[in-house]
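A structural walkthrough
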Amino acid sequence: MTVTQKDLLNVPKKALLKGHFACAGCGSALAFRHAISAIADKVILVVPASCASVYQGGGKGASFNVPTINTAFAASDAVASGVRRAMKMKGKDDLKVVVWGGDGSGADIGIATEIGACDRQEDILHIIYSNNVYGNTGGQRSGDTMIGAKTATTPKGNTTPRKMVPFIMIANNARYVATASSAFIEDLVEKVKKAISFEGFKLIQIDAPCPPNWRTDSADSVKVARLAVQTGIWPLFEWDRETNEVVLSRASKKYEDKSNRKQITEWTSLQGRLKTITEDQLIALEFDTERQWNFLRKFM
Ligand SMILES: Cc1ncc(C[n+]2csc(CCOP(=O)(O)OP(=O)(O)O)c2C)c(N)n1
Ligand code: SF4
Ligand SMILES: [Mg+2]
């Protein structure tokens with residue numbers, strides 16, 4: 001299923017209307033606009049507490065143009081499970097239930113209900129947009145924060161390796177798992193469309209730059225996300241339970257070979273949160289990047 005730029009315009013309806021409250025250059029809002037617009041005629045969204053709870057607006061100013069249920073931080077996958085079961089009972093099988101949530105809920109506080117839904121093979125798609133922090137509450141470190149990144153709770157730079165949620169979901173036998181990026185929108189839309197075609201629990205994790213917390217220029221969001229792929233920091237891949245194979249996405253194929261990758265410092269130097277990364281932290285970040293690739297290679 002190849003998605004072209006033309007397909008991005010030819011959508012059932014725009015899922016994100018003008019006047020939303022996301023910051024300029026928000027990678028999450030950009031990804032949302034395309035990923036959810038592509039399936040806007042058949043989606044019910046479930047949103048845990050996050051920036052998305054805020055940037056959707058409310059009342060007459062609401063900018064989410066699809067049915068949306070807002071939930072408590074840890075409850076989104078439980079709520080989504082119930083909504084999907086109810087739709088099935090009502091014979092509305094064509095309605096797909098999608099969790100749109102941040103890394104704070106997806107990697108940390110909601111992970112118990114997320115694994116529970118995966119364990120029960122609930123027929124839902126959980127999309128984590130990862131801005132690498134608890135953005136909505138002031139930018140605290142999350143389980144998905146990069147090593148070396150300064151956050152509100154790691155003023156000297158984060159020292160803890162990322163919790164790799166896609167790998168957790170592979171280990172828990174999800175139906176389909178993928179990573180995506182705000183810089184590769186056609187690839188993201190392809191993955192979302194593919195994911196909802198499967199029955200069972202699906203997870204997609206998106207690298208979503210966040211100018212205020214990453215201390216980047218809002219005009220650089222796509223560039224920063226693209227560099228994350230080109231440096232090997234954020235490999236784009238898909239894993240399917242039927243084949244138990246990891247397939248690297250087009251944009252990441254050549255970066256499996258380390259010699260093709262751009263220097264990680266090209267990516268860090270654009271971000272205030274990583275500009276002061278120490279030598280030790282940089283080594284640890286490189287090690288953590290290789291840890292991801294080594295895991296993926298086991299399934300290739
Ligand atoms: C149980 C619980 N703990 C803390 C909060 C406060 N809270 C609301 S949103 C949020 C941060 C969400 O972070 P993330 O999921 O990464 O989404 P982002 O804000 O970055 O988009 C926090 C800590 C809450 N609502 N409920
Ligand atoms: S804080 Fe970050 S994730 Fe939240 S709306 Fe702003 S740019 Fe987007
Ligand atoms: Mg977040």
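Refer to the structure printed above.
Residues numbered from 1 in each chain as written. Chains lettered and ligands numbered in written order. Predicted model: local features only at pLDDT ≥ 70, side-chain atom pairs only at ≥ 80, totals over all residues.

Regarding the site of ligand 1
Definition in use: Any residue whose C-beta atom, as set from the backbone, lies within 6 Å of a molecule or strand is reported as near that molecule or strand. The numbering of helices and of strands both runs from the N terminus, where a helix is a DSSP run of H or I of at least 4 residues and a strand a run of E of at least 2. Ten residues, namely Ala, Val, Leu, Ile, Met, Phe, Trp, Tyr, Cys and Pro, are considered nonpolar, four, namely Asp, Glu, Lys and Arg, are considered charged, and the remaining ones, Gly among them, are considered polar.
Of all residues adjacent to ligand 1, which total 19 residues, the nearest are Cys51, Gly102, Gly104, Gly135 and Asn136. Put simply, the parts of the chain that give the shell around ligand 1 at least two residues each are helix H3 (51-55), strand S3 (96-102), helix H5 (103-109) and strand S5 (133-134). Sorting elements by how many residues they give to the shell around ligand 1 places H5 first, with four residues. Partitioning the shell around ligand 1 into residue classes produces eight nonpolar, 10 polar and one charged.

Comments concerning the pairing of strand S7 (residues 176-181)
Short version of the rule: Between the buried cut of 20 or more and the exposed cut of 12 or fewer other C-beta atoms within 10 Å of a residue's own C-beta lies the partly exposed class, and all C-beta atoms are placed from the backbone. Two strands pair under a simple rule: DSSP has to find at least two bridges between them. Note on handedness: a crossover is taken as right-handed if, strands pointing away from the viewer, the path from the first strand over the helix to the second is clockwise.
Where burial is concerned, most of S7 is hidden: six out of the six residues are buried. Across the two faces of S7 the burial is the same, with Tyr176, Ala178 and Ala180 and Val177, Thr179 and Ser181 all buried. One ladder, built from six bridges, connects S7 with strand S8 (residues 202-207); its direction is parallel. Bridge assignment links Ser181 to a residue of S8, and that residue is Asp207. Following the chain from S7 across helix H8 (residues 185-197) to the adjacent parallel S8, one finds a crossover that is right-handed.

Structural notes on the packing of helix H4 (residues 76-89) against helix H6 (residues 111-119)
Quick note on the threshold: Helix axes are fitted to C-alpha atoms over the stretch in contact, other axes to C-alpha atoms as well, and angles between N-to-C directions run from 0 to 180 degrees. Residues are scored as being in contact if the C-beta atoms we place from backbone atoms lie within 7 Å.
Following both chains from N to C, one finds H4 and H6 inclined at 35 degrees, their axes separated by 7 Å at the closest point. Judged by residue contacts, Asp77, Ala78 and Ser81 of H4 engage Thr113, Glu114, Gly116 and Ala117 from H6. Here the residues of the contact of H4 with H6 are counted per class, giving two nonpolar, three polar and two charged.

Structural notes on the sheet that holds strand S2 (residues 68-71)
Taking strand neighbours across the sheet as the criterion, the eight strands line up as S2-S1-S3-S4-S8-S7-S9-S10 in an open arrangement whose pairing is mixed. Of all the strands in the sheet, the pair left with one neighbour each is S2 and strand S10 (245-248). On average, each strand axis in the sheet is inclined to that of its neighbour by 20 degrees, with strand direction left out of account. Bridging between strand S1 (residues 43-48) and S3 involves four bridges; their strand directions are parallel. Bridge assignment links Val43 to a residue of S3, and that residue is Lys96. Each of S1, S2, S3 and strand S4 (125-130) is contacted by H4, which is oriented at about 170 degrees to S3, the strand it contacts most.

Considerations on H6
Threshold: Each C-beta atom gives one direction from the helix axis, and the arc is the one those directions make.
Buried within H6 are the following residues: Thr113, Glu114, Ala117 and Cys118. Here the buried residues of H6 occupy an arc of 140 degrees about the axis, which is enough to place them on one side. In H6, those exposed residues whose orientation departs by more than 90 degrees from the buried face are Ala112 and Asp119. At its buried positions, H6 is contacted by H4, H5, S4 and helix H7 (165-171).

Focus on the pairing of S4
Looking along a regular strand, one sees side chains alternate from face to face of the sheet. A large share of S4 lies buried, amounting to six of its six residues. On S4, burial covers both faces: Leu125, Ile127 and Tyr129 on one face and His126, Ile128 and Ser130 on the other are all buried. Across five bridges, S3 lies against S4 in parallel orientation. Bridge pairing in S4 places Gly102 opposite Tyr129.

Quick notes on the site of ligand 2
Close contacts around ligand 2 come from Ala22, Cys23, Cys26, Ser28, Cys51, Tyr55, Asn131, Gly135, Cys210, Pro211, Pro212 and Asn213, and that covers them all. Those elements that place two or more of their residues in the shell around ligand 2 are H3 and helix H9 (211-214). A per-element tally of the shell around ligand 2 places H9 first, with three residues. Broken down by class, the residue content of the shell around ligand 2 amounts to eight nonpolar, four polar and no charged.

Examining the environment of Tyr176
Tracing the backbone through its elements, the reader meets Tyr176 in strand S7. On the basis of neighbour counts, which here come to 23 C-beta atoms within 10 Å, the residue Tyr176 falls in the buried class. Sequence-wise, Tyr176 and Ser28 are 148 residues apart; in three dimensions their C-alpha atoms are separated by 21 Å.

Such coordinate-based values are descriptive only and should not be taken to indicate function.
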